[in-house]
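One-letter residues, chain by chain:
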Number of protein chains: 2
Amino acid sequence: MRDRKRPPAPDAAGTPEFPTRRAILGSALSLAGGVVAIGAGRGAAGQDAPAVVPPWTREQGAAITSPPYGLPSPFEKGVVRKPRTPPPVPTAASSGTPLQHLHGIITPNGLHYERHHAGVPAIDPDQHRLIVHGLVDRPLLFTMDDILRFPSVSRIHFLECSGNTPGWSGAKESWTAQETHGLLSCCEWTGVALSTLLDQVGGRPEARWILAEGADAAAMSRSVPIEKALDDAILAYAQNGERLRPEQGYPLRLVLPGYEGNMSIKWLRRLKLGDQPFQTREETSKYTDLMPDGRARQFTFVMEAKSVITFPSGGQALREPGFYEISGLAWSGHGSIRRVEISTDGGRSWREAQLQDPILPKCLTRFRLPWTWDGGPAVLQSRATDDTGYVQPQRAALIEARGLNSGYHFNGIQSWRVQPGGAVSNVV
Amino acid sequence: MRDRKRPPAPDAAGTPEFPTRRAILGSALSLAGGVVAIGAGRGAAGQDAPAVVPPWTREQGAAITSPPYGLPSPFEKGVVRKPRTPPPVPTAASSGTPLQHLHGIITPNGLHYERHHAGVPAIDPDQHRLIVHGLVDRPLLFTMDDILRFPSVSRIHFLECSGNTPGWSGAKESWTAQETHGLLSCCEWTGVALSTLLDQVGGRPEARWILAEGADAAAMSRSVPIEKALDDAILAYAQNGERLRPEQGYPLRLVLPGYEGNMSIKWLRRLKLGDQPFQTREETSKYTDLMPDGRARQFTFVMEAKSVITFPSGGQALREPGFYEISGLAWSGHGSIRRVEISTDGGRSWREAQLQDPILPKCLTRFRLPWTWDGGPAVLQSRATDDTGYVQPQRAALIEARGLNSGYHFNGIQSWRVQPGGAVSNVV
């Protein structure tokens, strides 16, 4: 990060030096509001104040927010989830997070992306049960009260749908970051470490896989390797402090950090331990990657390192030449982000972006880079490197390796075109 | 933290050891659901499954969430902000965060505590202006578009009202954590470092204080030392990813990490640089601490180290003897939490709690401790130590030092009484 936290340097009199330099912005930052003459008005503190007192200062505001669970300002009504292309049936659908309107790394719960295979069940938590059985010493049935009794953990992790970023083919120039990368969100998840629960049931030595099944009408089911279950898997009942949202699996979901989103089974009702993968519908006919030679990659669990510039991005506009901060998100299912580089000339030259701490494993990392737009055409790209040394590939390299048969796991470098008038669009 | 992330230990065959020990929970954890016989039903994956298939699995759920900005489950309708005692006028009010229902460290935006001095103004961001003037080279007026052009920062910080925890006198046995400590929340704030903006206007060397004024009808105003402005002050426009909520200062607020909440001026419209404090109403008649000798402490900006157990806490109940995880929050306006100790015998003995990482400065830290309740009476306390070495005091020591004249800055140790039947109440 840039030197934002420098301590004030005391001068000879022991008072801190006041900054007068414009080192960061230089003269490039356009201040459209400009300098104003200070009017003769008097502020509340008896000090000179701008003459124009806005209307909302002249009358009492609303009392305590009602209803008592608050919502965004009506002026932000455009910042919502957006459905993807019409699904085959209405309940097998998805909607994307408006990444181009967001800041930092946390996704507010109301904007976390959705992906359902048979819609969102309305589950009474008092009636919900989790059964754990199969190759265990003690098959057990848990109520939510039971689950809440266990020792808990909290971790900030991203979730990304393996079908995020339809970059293999068919991309549209009009797409925003919500449409290219919006099946991606990041929350603080709280729940019980799956390893803690497995201690209770006593898994047998021959147990190598766990079937996780949801209570939705799809009975969404995936096989989870025992190594992952014992590592960092969470039986989550809370996101960003409060209980899970219905569309995120209320009252209980699996969270498999860094794995493709569909494996973090929502509305979790069953875990069965077995000695091999269960070969469910969702890991045979779906969620495999068809290669150019006609064979399919199966069990491609981990979401590889990836990044996207969220400002400036598709559908946005730069109003005039001058200073802008390029900003975006990087993540890796293998661990932490080590480096993000940015190109403004379509990949010919690269500069290293600043990373916002804390930089956490399997979590979104916000990156930023100051940029002065000269008013000419530009192509913006970001390239993430994770702490395994893996470097996010260019689209052409990815397609050369994997062909165009797959609809999943596209993690190629995203390109946004800035046109001379300032309009930004997706490069197809 | 406990040893949750242990890597699976390979056995002779190279496969990870499956945990069968119940080291963490022992036999103390009561599993009320108990063991069930596995029925003859067939799950989606063709495996044995519990015979009872819940009703929500038998029908398609709701399609994409509508409206597209999501809300909590109807089963969580009791988890809302709660107004404090009736205010002198309806718009000078506050409402508390339901800490006893929350997990982790992030407060969802809909539950962030509120404190207004003249209600919540409905501000059109396109009409909003921030003026920076006084002892500066270039007095400037900024639109929100201008503010959004600047380099940005994101930080996770708590905010706490200095009037949080009415612990000096008048406490009630019925109080929940929402009522004792609910004027406390924690979000990821994104905005412009105030130091960056001050670079633009060119503060003069004699400028030592900054008046910050809100656009609400109270024209809420406080004086901020220049040292704080140059250190970690943020002009925030986003919380937890999205734009500020109206009740949190939409479209722009000051965030002064670690300082009493009222100084993080909401609906920020004016910053004036001066050579001394501005002695506003809110720092003379209000927000000073009246000492036993009749003198008032002024400019008690920093919120000292403090903690509260959120489970078990007032209004909750333990259903039976056995294992429970004691959990709560600790924080310090001076920096990071170094240690939290927990007593279950009213302060006679203490054990060190586990701290959930990441442990961030001026941020809530979640602590946890396994506890086996023997069914007898208990008094639960938590004691925070921050990285300056400051230790949260017992209530009696705090009152001996400060008397009972003040309504602010109570950071004494909180006590919850567990009665033999399991009911938990506030110790008054």
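Note that the coordinates shown come from a computational prediction; the quantities given were computed from them, not determined experimentally.

Trainee: How should the domain arrangement of chain A be read in this particular structure?
Mentor: A common way to state how big an interface is: give the accessible area lost once the parts meet. All names here are of chain A. The domain boundaries assigned to chain A delineate domain 1 (83-297) and domain 2 (306-427). Look at where the C-alpha atoms of domain 1 and domain 2 centre, and you get two points 27 Å apart. Contact with domain 1, which involves 41 residues of that partner, is made by 34 residues of domain 2. At the surface where domain 1 touches domain 2, the tally comes to two salt bridges.

Trainee: Hey, could you run me through the sheet that holds strand β7 (residues 140-143) of chain A in this one?
Mentor: Sheet strands pair via backbone hydrogen bonds, and the direction of the pair is either parallel or antiparallel. All names here are of chain A. Across the sheet, which stays open at both edges, the five strands sit in the order β7-β6-β15-β10-β11 with mixed pairing between neighbours. Strands at the two margins of the open sheet, each flanked by one partner only, are β7 and β11 (221-225). On average, adjacent strands in this sheet sit at an angle of 20° to one another, irrespective of strand direction. Pairing of strand β10 (residues 209-214) with strand β15 (residues 268-274), which is carried by six bridges, proceeds in the antiparallel orientation. For A212, the partnering residue across the bridge sits in β15 and is L271.

Trainee: Which parts of the structure should I look at to understand the pairing of strand β25 (residues 415-418) of chain B?
Mentor: Consecutive side chains of a regular strand alternate in pointing toward one face of the sheet and then the other. Residue and element names in this part refer to chain B. Pairing between strand β24 (residues 378-386) and β25: four bridges, direction antiparallel. In the sheet register, Q381 faces β25, and the bridge partner there is S415. Taken together, the three bridges between β25 and strand β26 (residues 424-426) define a ladder with antiparallel strand orientation. The residue of β26 that forms the bridge with R417 is S425.

Trainee: Where do I start with the sheet that holds strand β19 (residues 322-331) of chain B in this structure?
Mentor: Residues and elements named next belong to chain B. Pairing is antiparallel across the open sheet formed by four strands, whose spatial order is β18-β19-β23-β22. The sheet is open, and its two borders are formed by β18 (306-311) and β22 (354-355), each paired with just one other strand. Of the pairings in the sheet, the one linking β22 to strand β23 (residues 365-373) comprises two bridges and is antiparallel in character. Note on β23: the bridge partner recorded for Q354 is R368.

Trainee: Help me understand the side chain of A:S73, please; the structure alone is not making it clear to me.
Mentor: Its location among the elements puts A:S73 in the loop between β2 (48-49) and β3 (82-83). Judged by relative accessible area, A:S73 falls into the buried class, the value being 5%. If we skip the residues at most four places from it in the chain, A:S73 touches B:P246 and B:Y250.

Trainee: Please explain the nonpolar core as it appears in this structure.
Mentor: Across soluble globular proteins, nonpolar side chains show a tendency to be buried alongside one another. A:W371 and B:W371 are the most contacted members of the largest nonpolar core, which totals 70 residues. Once residues within four sequence positions are removed from consideration, A:W371 is found in contact with A:P312, A:L318, A:G322, A:F323, A:Y324, A:I326, A:T344, A:R351, A:A378, A:L380 and A:V418.

Trainee: I keep staring at the pattern of salt bridges and nothing clicks. Help me out?
Mentor: It is possible for side chains bearing opposite charge to pair when their charged atoms get close. Per the counting criterion, the structure on display carries 44 salt bridges over all chains. One salt bridge connects A:D289 with A:R297, and the closest N-O pair in it is separated by 3.3 Å. Its salt-bridge partner being B:R222, residue B:E260 comes within 2.9 Å of it at the nearest N-O pair. Of this pair, B:E260 sits in the loop between β14 (253-255) and β15 (268-274) while B:R222 is found in strand β11 (residues 221-225), placing the two residues 38 residues apart along the sequence. The buried category is assigned to B:E260, whose relative accessible area is 1%. One network of salt bridges, with partners in common, ties together A:D145, A:D146, A:R149, B:R319 and B:E320.

Cut-offs applied
- Residues numbered from 1 in each chain as written.
- Chains lettered and ligands numbered in written order.
- Predicted model: local features only at pLDDT ≥ 70, side-chain atom pairs only at ≥ 80, totals over all residues.
- Heavy atoms only, no water.
- Domains from an automatic or database assignment.
- Contact = heavy atoms within 4.5 Å.
- Salt bridge = Lys/Arg side-chain N within 4 Å of Asp/Glu carboxyl O.
- Pairing = 2+ DSSP bridges.
- Helix = DSSP H or I, 4+ residues; strand = E, 2+ residues; numbered from the N terminus.
- Axes fitted to C-alpha atoms, helices over the stretch in contact; angles between N-to-C directions.
- Buried < 20%, exposed > 50% of the residue type's maximum accessible area, 1.4 Å probe, protein only.
- Core = buried A, V, L, I, M, F, W, Y, C linked by side-chain atoms within 4.5 Å.

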